[in-house]
Amino acid sequence: MDKMTQLLKLLENTKSIEINEFRMDFDELELHLMPAIQQAVQKAVTTEKAIATEIMAMEEFKPPIQDYPGKVAEVQLGKGSRTPVYLGGQQALYRFEEPQPNPPVVTFDVFDIPMPGLPRPIREHFSDVMESPGEWAKKAVKEFGANMVTMHLIGTGPKVMDKTPREGAQAVEEVLQAVDVPLVIGASGDPVKDPLVLEAAAEAAQGERCLLASANLDLDYRKVAKAAVDNDHAVLSWSITDVNMQKTLNRYLLKEGLTHNDIVMDPTTCALGYGIEFSIDIMTRTRLAALKGDTDLQMPMSSGTTNAWGSREAWMKKEEWGPTDYRGPIWEIVTGLTMMLNGVDIFMMLHPTSVKLLREIGDTFVKDYMTTELPEISDWITQLEG
Amino acid sequence: MSVTAMDIYRLLPKTNCAKCGEASCMAFATKLSEKETDLELCTELAANEMQALENLLAPAVREVIIGKGDKAIAIGGDEVLYRYELTYYNPTALVIDVNDEMEAAEFEERVKTIENTEFERTGELLTLDAIALRNKSGDADKFAAAASKLKESKYPLVLCSLDPLAMKKALEVVGDENPLIYGVTENNFEDMADLAVEYQCPVTLFVPGDLEKMKELSHALRAKGLKDIVLDPGTFVGDAIGDTLDNFVMIKRLAIEERDEDFRFPILGIPALLRLNNDEDEVTKSIKEATIAATLLNKYADILILNGTEIWEIIPVLTLRQSLYTDPRKPQAVDAGLYEFGELDENSPVLLTTNFALTYYTVEGDLKSGKASTYLLVLDTVGRAVDVSLAGGQLNGKAVADLIKETGIEDKVKTRKMIIPGLAAPVSGEIEDDSGWEVVVGPRDSSAVPDYLTKEL
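Residues numbered from 1 in each chain as written. Chains lettered and ligands numbered in written order. Predicted model: local features only at pLDDT ≥ 70, side-chain atom pairs only at ≥ 80, totals over all residues. Heavy atoms only, no water.

**Section: the interface of chain B and chain A**
Argument step 1. Every contact between the two is made by 93 residues of chain B and, on the other side, 85 residues of chain A.
Argument step 2. For the chain B and chain A pair, buried surface summed over both sides reaches about 7,600 Å², with 67% attributable to carbon and sulfur atoms.
Argument step 3. Taken together, chain B and chain A are joined by eight salt bridges.
Argument step 4. Note that E97 of chain A is salt-bridged to R253 of chain B, the shortest N-O span being 2.6 Å.
Argument step 5. Inspection of the chain B/chain A interface yields 25 residue pairs in polar contact (both at pLDDT 80 or more).
Argument step 6. In terms of residue class, the side of chain B that touches chain A is made up of 44 nonpolar, 22 polar and 27 charged. (Contact = heavy atoms within 4.5 Å. Buried area = accessible area lost by both parts, 1.4 Å probe. Salt bridge = Lys/Arg side-chain N within 4 Å of Asp/Glu carboxyl O. Polar contact = N/O pair within 3.5 Å; in protein donor to acceptor, adjacent residues only side chain to side chain. Nonpolar A, V, L, I, M, F, W, Y, C, P; charged D, E, K, R; others polar.)

Here is the structure:
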């Protein structure tokens with residue numbers, strides 16, 4: 001479409017054209033355009049009631065494509081015995097400007113301890129494998145098509161089961177054996193112990209290029225960064241809905257020897273109805289800044305979409321809101337989808353239905369504008385049932 | 001891009017007559033620039049001066065009114081592509097369709113369901129906005145008969161028929177109520193557009209999958225003097241959702257950044273089309289329809305037609321709309337301090353929460369519905385939720401100790417025991433050290449608080 005318009009523009013002030021091997025193309029162009037122009041002229045002429053005479057001649061349609069000086073870095077996850085997955089690499093905001101090189105990726109949450117607290121709609125899919133992180137991961141990949149798996153080492157939490165970093169690393173090894181997708185490795189959220197757990201896990205997974213989750217300003221991010229550099233992993237750089245905090249942390253991590261191709265940002269996902277608009281604004285500003293050339297923010301983004309399950313609309317029994325079986329997945333999809341439409345590249349999720357629907361939309365992001373067959377909808381008024 | 005008060009002031013009469021209710025023309029100009037007053041309140045302007053100001057104040061996307069009187073709703077009116085730049089105006093209208101082939105009882109039932117759909121969130125009642133009547137029968141008289149039944153509905157109408165004859169018959173019945181006509185196409189252009197002119201109603205231009213043609217036809221509608229136009233570039237789902245998104249984004253960008261006159265109109269999307277020729281089960285269809293609605297809400301639909309009425313499908317859509325359209329310029333916080341619930345005495349329990357509006361209203365709702373009697377300390381966390389303010393450091397021992405002092409709670413109760421949110425557990429020790437109070441970690445979700453209070457006390 002854009003090429004056509006450009007050509008047309010070139011032809012505008014041309015008196016003679018020498019046509020060589022492009023002859024056919026030009027014929028096609030002419031065929032497309034002439035009826036459109038004729039129609040417009042005819043309509044203008046036959047408009048009897050020329051009410052709004054001040055309306056001037058129509059300018060031609062031109063897709064609003066912008067130039068972006070910046071580019072989002074591409075991050076490879078998975079190496080060695082893993083099938084690699086690539087994140088980021090965007091050079092434009094929208095598909096009609098330039099499709100993104102890599103589709104959004106989903107990583108399924110897996111835990112190192114059985115999680116009786118998970119909402120029922122999720123437990124019902126995984127209750128048979130919750131005793132074994134390896135089996136859990138396998139099911140996520142084989143049955144639900146996970147691109148990746150997130151191993152949450154919740155059990156290492158001092159107030160949870162206080163497992164040692166070594167035990168955490170063993171759980172990671174088990175999952176590495178069970179599946180060949182790349183891994184995100186998460187700890188328990190304890191600022192003192194997390195760096196030690198991630199360090200042990202990073203060593204156990206040396207050369208497999210996992211994403212260590214996470215480095216943030218409240219813990220010893222240097223240790224996490226070093227574990228990544230020493231063992232060839234990437235790092236999740238987590239800030240709390242604050243673009244400046246994100247920039248600062250990214251700069252610190254770059255100083256520790258990580259490159260743009262080793263960092264994924266988590267600007268924090270607030271769930272639908274629980275501050276999602278803050279996340280929308282932060283993600284939008286972050287991605288726009290990256291494309292405009294802010295090198296501190298030119299990394300792919302991640303969303304902890306699972307946060308959606310904490311919303312009471314997702315889990316609370318309440319007759320007048322309908323069954324939680326449906327509310328939960330929708331809450332997770334809408335939260336993730338909203339983040340995806342604002343530039344997020346990788347999603348940590350829990351429910352198979354949510355994952356499926358998110359990916360269906362995300363997979364279209366890598367295709368060119370108007371290259372898909374459009375469904376016939378012109379008679380929807382009479383054809384729609386119900 | 002946006003108009004300053006000074007730009008407006010130059011075109012005002014500068015008489016400071018105060019008939020508009022403002023002390024001076026400058027004050028009036030300031031209010032106008034913030035969209036907080038109406039230009040019509042100025043009585044000193046000649047017609048051409050008024051016109052010049054109207055043009056200056058016109059938003060990038062035209063604001064279109066559907067319906068009349070207390071039924072009227074406004075769509076469009078946006079100035080920016082990203083909400084953080086200013087705010088979005090006029091929340092996307094959510095419309096549910098009914099068709100003219102339904103049995104009388106079924107028809108009534110569906111209209112009632114649409115009118116009664118509501119969901120309360122953070123002190124705001126969220127509802128649907130309009131009804132779309134679909135000429136499924138293809139019959140003009142049936143369409144008109146169904147339209148007349150909707151005259152009493154509390155919502156404005158979208159009349160969906162591509163047949164000018166059916167549209168004319170329906171407009172004869174409800175044309176004085178300013179329904180949105182859907183729609184003009186390439187095939188019915190002259191006749192349908194003439195009806196919009198005759199009845200002075202807003203009109204939708206339906207040109208699926210071809211923005212070039214859409215521009216051409218929009219231009220032709222404008223040449224007929226029509227101003228209240230709504231654009232439907234086609235809602236394609238499945239693999240083609242990417243093209244739908246591209247078209248929506250392009251239209252909005254052309255309107256806002258390029259001020260392309262032919263695209264400066266609200267966009268209409270139809271998530272209901274997910275159900276077209278779709279043999280999936282009903283639950284899957286409803287989940288997917290909500291997904292499409294959420295997609296188009298995010299990327300620039302100003303009005304959406306849905307078919308599903310299940311409350312669990314509508315709640316997430318209503319919630320997303322509320323979130324997108326909150327004004328980022330206003331902090332979402334309530335006043336910090338001491339709040340009282342139920343009947344209190346010196347032994348009443350003391351709870352703690354943060355001043356994020358959503359957090360506060362959720363806790364308030366739970367305490368009220370559970371008929372709890374308790375004091376509630378609300379900490380100023382600059383409008384952040386419990387977990388966020390914990391991570392951000394606003395929720396800490398010293399801040400809570402200060403709050404205890406400032407509110408004088410120690411004069412109201414004998415006890416020195418505070419129940420904090422489950423999510424705030426990591427700072428329980430810190431609060432005890434700084435305040436000298438005993439701290440008990442309560443439930444993670446405030447819905448469990450009333451029961452907790454009954455059991456614990």
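**Focus: the domain arrangement of chain B**
Argument step 1. In terms of domains, chain B is made up of domain 1 (5-57), domain 2 (63-324) and domain 3 (337-456).
Argument step 2. For domain 1 of chain B versus domain 2 of chain B, the separation of C-alpha centres amounts to 33 Å. (Domains from an automatic or database assignment.)

**Examining the side chain of N231 of chain A**
Residues and elements named next belong to chain A.
Argument step 1. With respect to the helices and strands, N231 occurs in helix α7 (residues 221-231).
Argument step 2. For N231, the side chain forms a polar contact with the side chain of Q206, separated by 3.2 Å.
Argument step 3. Other than its neighbours up to four places away in sequence, N231 contacts A202, E203, Q206 and G207. (Helix = DSSP H or I, 4+ residues; strand = E, 2+ residues; numbered from the N terminus.)

**Let's talk about a negative patch on the surface**
All names here are of chain B.
Argument step 1. A cluster of acidic side chains, namely E430, E432, D433, D434 and E438, defines a negative patch on the protein surface.
Argument step 2. Of all the elements, helix α16 (residues 428-435) adds the most residues to the negative patch, at four residues.
Argument step 3. With respect to the helices and strands, D433 occurs in helix α16. (Patch = residues over 30% accessible without salt bridge, like charges linked within 9 Å, V, L, I, M, F, W, Y side chains within 5 Å. Areas by Shrake-Rupley, 256 points an atom, 1.4 Å probe, with all protein chains shown as cover. Lys, Arg positive; Asp, Glu negative; His and termini not counted. Charge placed at Lys NZ, Arg CZ, Asp CG, Glu CD.)

**Observations concerning the packing of aromatic side chains**
Between two aromatic rings, the relevant description is the distance of the centres plus the angle of the planes.
Residue and element names in this part refer to chain A.
Argument step 1. According to the stated counting rule, one finds 17 aromatic pairs over all chains in the structure shown.
Argument step 2. Consider the rings of F108 and F144, whose centres lie 6.1 Å apart with planes at 15°: the pair is stacked. On the criterion of sequence distance, the pair formed by F108 in strand β3 (residues 105-111) and F144 in the loop between α4 (133-142) and β4 (148-152) is long-range, its members being 36 residues apart.
Argument step 3. Within the aromatic cluster, the residues linked to one another by ring pairs are F108, F111, F126, W136 and F144. (Phe/Tyr/Trp six-rings, centres within 6.5 Å; stacked < 30°, edge-to-face > 60°.)

**Let's talk about the side chain of N247 of chain B**
Argument step 1. By secondary structure assignment, the location of N247 of chain B is in helix α9 (residues 241-256).
Argument step 2. According to the relative accessible area criterion, N247 of chain B is buried, its value standing at 0%.
Argument step 3. Engagement of the side chain of N247 of chain B in a polar contact is seen with the side chain of Y369 of chain A, the distance being 2.4 Å.
Argument step 4. Apart from residues no more than four positions distant in its own chain, N247 of chain B is found in contact with Y369 and M370 of chain A together with G209, L211 and P233 of chain B. (Buried < 20%, exposed > 50% of the residue type's maximum accessible area, 1.4 Å probe, protein only.)

**With respect to the packing of helix α10 (residues 282-298) of chain B against helix α11 (residues 311-324) of chain B**
All names here are of chain B.
Argument step 1. Look at α10 against α11: their axes get within 9 Å of each other, and the N-to-C directions meet at 10°. By the angle class used here, α10 and α11 are roughly parallel. For the pair α10 and α11, the contacting residues are V283, S286, I287, E289, A290, A293, A294, L297 and N298 in the first and W312, E313, V317, L320, R321 and L324 in the second.
Argument step 2. Among the residues making up the contact of α10 with α11, the classes are represented as 10 nonpolar, two polar and three charged. (Axes fitted to C-alpha atoms, helices over the stretch in contact; angles between N-to-C directions. Parallel < 35°, antiparallel > 145°, perpendicular 65-115°, else oblique.)

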